[in-house]
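Descriptive analysis of the structure
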Amino acid sequence: MKDKKIKNVFKEGAISSEFIGESIAKHQSKISIGAHNIFLGQVRADEIDGKAVSAIEYTAYEDMANEKFHEIREATFEKFNLTCMHIYHSLGTVKVGEICLFVFVSSPRRKEVFKALEYVVEEIKVKAPVFGKEIFEDQSHQWKVNS
Amino acid sequence: MRLNIKYFGLIAELTSCSEEQLEFEGTKVEEVIELLNTKYPDLKSKDFQVAQNREIVSLKSPVTGGDIALLPPFSGG
């Protein structure tokens with residue numbers, strides 16, 4: 001583990017469009033940046049056995065997940081020429097259509113942000129101990145598995 | 001040694017708790033899992049990884065004490 005402070009990526013509930021907009025605005029003072037790329041994970045109304053998902057309830061092994069997010073962040077900075085990077089993931093209930101994951105990478109050049117963003121999102125899916133419980137309209141549930 | 005066992009997602013649902021203490025006399029991670037399989041027979045049919053002190057370990061790894069977590073398939077994002 002490197003000496004940089006480990007950040008808490010988790011936010012209670014959905015990630016609002018206001019929060020995302022403000023995050024973008026905060027970068028206007030960083031004038032070496034020439035390209036941003038943003039990934040927004042949205043809760044999908046999957047239909048399983050005739051029942052529609054109405055929300056996902058997220059839990060996580062928070063200490064381990066924050067360490068893994070930190071490692072992913074460090075590895076991404078080593079691989080790509082990025083100016084900055086931000087990751088936010090929801091905990092608790094996020095309704096269909098709401099945002100549960102927000103990844104934001106910035107660089108002087110566009111090619112770096114396309115490659116870096118895909119790398120970060122795929123690493124999160126594989127390495128972060130986060131668990132989604134799909135809640136159906138009738139309040140029954142099943143545990144989601146990433147495909 | 002005393003271990004702190006953590007459960008998440010569908011595993012926590014199965015054990016009806018998220019954390020418990022376990023007195024452990026053995027040496028390897030697989031022996032911890034065997035003890036838990038005896039306590040929770042339904043665990044055997046579940047797919048999970050094991051983390052020791054927040055790092056994924058194999059069943060053959062030595063138990064070093066601290067936190068052992070049972071992690072079902074990840075579904076973040």
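Above this text is the structure in question.
The residue numbers shown here count from 1 along each chain, following its written sequence. Chains carry letters from A onward and ligands carry numbers from 1 onward, assigned in written order. Side-chain atom pairs in this predicted model are given and counted only at pLDDT of 80 or more, local residue features only at pLDDT of at least 70, and totals for whole chains, interfaces and linings cover all residues. Calculated side-chain values reflect all of the structure's heavy atoms, with hydrogen atoms and water omitted.

Moving on: the overall build of chain B. In DSSP terms, a helix is any run of H or I states spanning at least four residues, a strand is any run of E spanning at least two, and both are numbered starting from the N terminus. The secondary structure content of chain B amounts to two helices and five strands. The N-to-C order of helical and strand elements in chain B reads β-α-β-α-β-β-β. Relative to the compact-globule value of 11 Å for 77 residues, chain B shows a C-alpha radius of gyration of 12 Å, a close match. For chain B, the spread of C-alpha atoms along the principal axes amounts to about 35 × 25 × 20 Å. Residues classed as buried in chain B amount to 48% of the 77 residues present. Computation of the radius of gyration draws on C-alpha atoms, with the globule rule given as 2.2 Å multiplied by the number of residues to the power 0.38. For each residue, the accessible area found with a 1.4 Å probe, counting protein chains only, is set against the maximum for its type, and the residue is called buried under 20%, exposed over 50%, and partly exposed in between.

With that settled, consider unusual backbone geometry. If a residue is not glycine, its phi is most likely negative; likewise, a peptide bond is most likely trans. The backbone of A:Asp49 shows a phi angle near 50°, a positive value even though the residue is not glycine. Take A:Asp49: its relative accessible area is 76%, and that puts it in the exposed class. Positive phi is not limited to glycine here, since B:Ser16 has a value of about 60°. Among the secondary structure elements, B:Ser16 is positioned in the loop between α1 (9-15) and β2 (19-23). Residue class for B:Ser16 comes out exposed when judged on its relative accessible area of 66%.

Turning next to helix α2 (residues 29-39) of chain B. Residues and elements named next belong to chain B. Along α2, the residues that are buried comprise Val-29, Val-32, Ile-33, Leu-36 and Asn-37. Relative to the axis of α2, the buried residues are bounded by an arc of 140° and lie together on one face. Buried-residue contacts for α2 involve β1 (2-7), β2, β3 (49-52), β4 (55-57) and β5 (66-71). The directions considered for the arc run from the helix axis to the C-beta atoms. In this description, contact between two residues means that some pair of their heavy atoms is separated by no more than 4.5 Å.

Attention shifts here to the side chain of A:Asn37. Residue and element names in this part refer to chain A. Here Asn-37 lies in strand β2 (residues 35-42). For the purposes of these results, a polar contact is taken to be a pair of N or O atoms within 3.5 Å, where, inside protein, one atom must be able to donate a hydrogen and its partner to accept one; residues adjacent in sequence count only when each atom of the pair is a side-chain atom. Side-chain polar atoms of Asn-37 contact the backbone oxygen of Val-113, separated by 3.3 Å. Not counting residues up to four positions away in its chain, the partners in contact with Asn-37 are Val-103, Phe-104, Val-105, Val-113, Phe-114 and Leu-117.

We now examine the interface of chain B and chain A. Counting residues at the interface gives 18 residues for chain B and 25 residues for chain A. Across the chain B to chain A interface the summed buried area is about 1,800 Å²; carbon plus sulfur atoms make up 58%. On the chain B side of the contact with chain A, B:Arg54, B:Phe74 and B:Gly77 bury the most area, a combined 39% of that side's loss. The salt bridge definition used is simple: a Lys or Arg side-chain nitrogen within 4 Å of an Asp or Glu carboxyl oxygen. On the surface where chain B and chain A come into contact, there are two salt bridges. Linking B:Glu55 and A:Lys68 is a salt bridge whose minimum nitrogen-to-oxygen distance equals 2.9 Å. Run the count over chain B and chain A and you get eleven residue pairs in polar contact (both at pLDDT 80 or more). Elements with a minimum of two residues in the side of chain B that touches chain A: α1, β4 and β5 of chain B. A class-by-class count of the residues in the side of chain B that touches chain A yields nine nonpolar, four polar and five charged. The term buried area denotes the loss of accessible surface (1.4 Å probe radius) that occurs when two parts are joined, taken as the sum for both partners. Residues were grouped as follows: Ala, Val, Leu, Ile, Met, Phe, Trp, Tyr, Cys and Pro as nonpolar; Asp, Glu, Lys and Arg as charged; and all remaining residues, including Gly, as polar.

A few words on helix α2 (residues 62-79) of chain A. With 18 residues, α2(A) extends 25 Å between its outermost C-alpha atoms, agreeing within 8% with the 26 Å of an ideal straight helix rising 1.5 Å per residue. All of the buried residues along α2(A) are A:Met64, A:Ala65, A:Asn66, A:Glu67, A:Lys68, A:Phe69, A:His70, A:Ile72, A:Arg73, A:Glu74 and A:Thr76. Against β1 (10-12), β5 (84-95) and α3 (110-127) of chain A together with β3, β4 and β5 of chain B lie the buried residues of α2(A). Expected span, for any helix, means 1.5 Å times one less than how many residues it has.

Whether parallel or antiparallel, the strands of a sheet pair through hydrogen bonds between backbone atoms. Think of it this way: DSSP has to see at least two bridges between two strands before they count as a pair. The five strands lie next to each other as β2-β1-β5-β3-β4 (chain B), forming an open sheet whose pairing is mixed. A single partner strand is all that each edge strand has here, and the edge strands are β2 and β4 of chain B. Each strand of the sheet is rotated relative to its neighbour by a mean of 35°, with strand direction disregarded. Where β1(B) meets β2(B), five bridges bridge the pair, whose relative direction is antiparallel. Paired with B:Leu3 across the bridge in β2(B) is B:Leu22. Lying over the sheet, α2(A) contacts β3, β4 and β5 of chain B, oriented at roughly 100° with respect to β4(B). Only the contacting stretch of a helix is used when fitting its axis, a line to C-alpha atoms as for every element, and angles between N-to-C directions run 0 to 180 degrees.

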